[in-house]
Amino acid sequence: MTSQPEPAGPLAGIRVLDLSRVLAGPWCTQMLGDLGAEVIKVEQPGQGDDTRRWGPPFLDDGSRDSAYYLCANRNKRSIAIDMAKPEGAALIRRLAAEADVVVENFRVGGLAKYGLDYAALSAVKPDLIYCSITGFGQYGPDKDKGGYDFLIQGMSGLMSVTGQPDGQPGAGPMKAGIPVADLSTGLYAVISILAALQHRSRTGEGQHIDLALLDTQLVMLANQASNWLNGGAEPRRMGNLHPNMVPYQVYSCSDGDVIVALGNDRQFAGLCRMLELDGLATDPRFASSAARSQNRDALNALLEPAIAGWGSEALIAAMEAAKLPGGRINSVPEALALPQIEARGLVQEIEREDGTPVRFLGFPGQFSATPPTYHKAPPRSAEDTASVLEATLGLDQEEIARLLAEGIIADRL
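Predicted model, so just to flag it, every value in this text is computed and none were measured.

1. Quick notes on the pairing of strand β11 (residues 357-361)
Right, so step 1: Across the two faces of β11 the burial differs, with Val-358 and Phe-360 buried and Pro-357, Arg-359 and Leu-361 not buried at all.
Right, so step 2: Here strand β10 (residues 347-351) pairs with β11 via 5 bridges, running antiparallel. Of the residues in β11, the one forming a bridge with Gln-348 is Phe-360.
Right, so step 3: The hairpin turn running from β10 into β11, its antiparallel successor, is 5 residues long, and Gly-355 in that turn takes a positive phi close to 90°.

Given below as structure tokens:
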């Protein structure tokens, strides 16, 4: 698809000033842009977002922007302003006065010295929604520490429940294969901003949203945290096993591995019939979910040899026919090529101004009335500086030329 001239969607008319970089903040603002908000990304002159250089691989168009950067920065316009210079900070304040939402992920207090913190900007625009994303939040004993996804995965307890159990080959704590703390915080940031916009529409009141990676990742422990808080069961590494459900794991067939993921007693009885192990469904050791969880080793000693005699495709087909959840373990290229993904239109393409195509995964929500739109490819650093300052703040070409000459703003890298 080619660029669309104007953003559309449920957030059309909302302007977001994006002072964030790396992933959690940009992931949030990209989603807001997908939903129709106008997003102005402010970058450091001569530097740009750190992730532009997080490669290889890089886009082969002269920009050398990394694939990492491309995943989180579509539907934005990029400008470069040096906030360390008073006139640069003043320009950003003027942009904030024209915005509905500001998103930033500087260290706690890091923007106050530039007059770009919530107190300063809300004084200029009282109904501003200002979202701060940090590792540990705006208060508490760790508020001044830097927070990174890998660190947060360890501190939050996530790595203590991820990986092979002790005593097995490859045992040890393991991080997730994606930056799940950053991504989930970006999602919670969007949810929080949408809630704040709704509050503002009712009351006219803006507010400060304080999001911490550690808080978010702890919340994402979900059932694992609840097992401890409400049952005193300390979560542990279990590899591909589920702490509560059995069978809910990987099994080996004669030609490869498959996932069997059953969620109730009815499904377990169906699997037993399919495997010609009908007696297991009424065996007191396995008849209920709780009993299967307590006797998982005994159950697997019976299931594993029965499944091992099947070919993987035959097993999956039989499970599908019996309406039992199961499937193969795909590589990323295989997952992206699934017919279901093609049918859903998830893989999209958009062109940069020079015609360079950028492929990406779109917003997963399917809206019946206001679908997400993709109107701008991830921008080259500072490519929109002049046009944004002219259109949003009314600066003329002479003033823009002066700011460029004095290093207060910058053109594209």
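2. Focus on the environment of Met-31
Right, so step 1: Mapped onto the elements of the fold, Met-31 is located in helix α1 (residues 24-34).
Right, so step 2: On a C-alpha basis, the gap between Met-31 and Leu-187 in space is 8.4 Å, while along the polypeptide they are 156 residues apart.
Right, so step 3: Setting aside residues no more than four positions away along its own chain, Met-31 makes contact with Gly-186, Leu-187, Val-190 and Phe-363.

3. As for the pattern of salt bridges
Right, so step 1: Overall, the coordinates contain 24 salt bridges when judged by the stated rule.
Right, so step 2: When the shortest N-O distance is used, the salt bridge between Arg-200 and Asp-127 registers 3.9 Å. In this pair, Arg-200 is assigned in helix α6 (residues 180-203) and Asp-127 in the loop between α4 (118-124) and β5 (129-134), connecting sequence segments 73 residues apart.
Right, so step 3: You can call Arg-200 buried: its relative accessible area is 14%.
Right, so step 4: Ionic contacts of the salt-bridge type, sharing partners, join the residues Glu-43, Arg-52, Asp-61, Asp-65 and Arg-352 into one network.

4. Looking at the side chain of Asp-283
Right, so step 1: For Asp-283, the location among the structural elements is in the loop between α9 (265-274) and α10 (289-294).
Right, so step 2: Side chain to side chain, Asp-283 and Arg-285 meet in a polar contact 2.9 Å long.

5. Quick word on the environment of Tyr-114
Right, so step 1: Tracing the sequence through the fold places Tyr-114 in the loop between β4 (101-104) and α4.
Right, so step 2: Taking the relative accessible area as the measure of exposure, Tyr-114 reaches 21% and is therefore partly exposed.
Right, so step 3: Separated by 31 residues in the primary sequence, Tyr-114 and Met-83 have C-alpha atoms spaced 6.8 Å apart.
Right, so step 4: In this structure, Tyr-114 is in contact with Met-83, Ala-84, Ala-89 and Arg-93, ignoring residues within four places of it in sequence.

6. Side note on unusual backbone geometry
Right, so step 1: Geometrically, the link from Gly-55 to Pro-56 is a cis peptide bond, its omega value of 10° lying close to zero.
Right, so step 2: Structurally, the position occupied by Pro-56 is in the loop between β2 (38-43) and α2 (67-70).
Right, so step 3: Pro-56 connects to Pro-57 through a cis peptide bond whose omega is 5°.
Right, so step 4: With respect to the helices, strands and loops of the structure, Pro-57 is situated in the loop between β2 and α2.
Right, so step 5: For Val-22, which is not glycine, the phi dihedral falls at a positive 75°.
Right, so step 6: Taking the relative accessible area as the measure of exposure, Val-22 reaches 22% and is therefore partly exposed.
Right, so step 7: Phi angles above zero are rare outside glycine, and Glu-276 is one such case at about 60°.

Conventions adopted
Residues numbered from 1 in each chain as written. Predicted model: local features only at pLDDT ≥ 70, side-chain atom pairs only at ≥ 80, totals over all residues. Heavy atoms only, no water. Buried < 20%, exposed > 50% of the residue type's maximum accessible area, 1.4 Å probe, protein only. Helix = DSSP H or I, 4+ residues; strand = E, 2+ residues; numbered from the N terminus. Pairing = 2+ DSSP bridges. Contact = heavy atoms within 4.5 Å. Salt bridge = Lys/Arg side-chain N within 4 Å of Asp/Glu carboxyl O. Polar contact = N/O pair within 3.5 Å; in protein donor to acceptor, adjacent residues only side chain to side chain.

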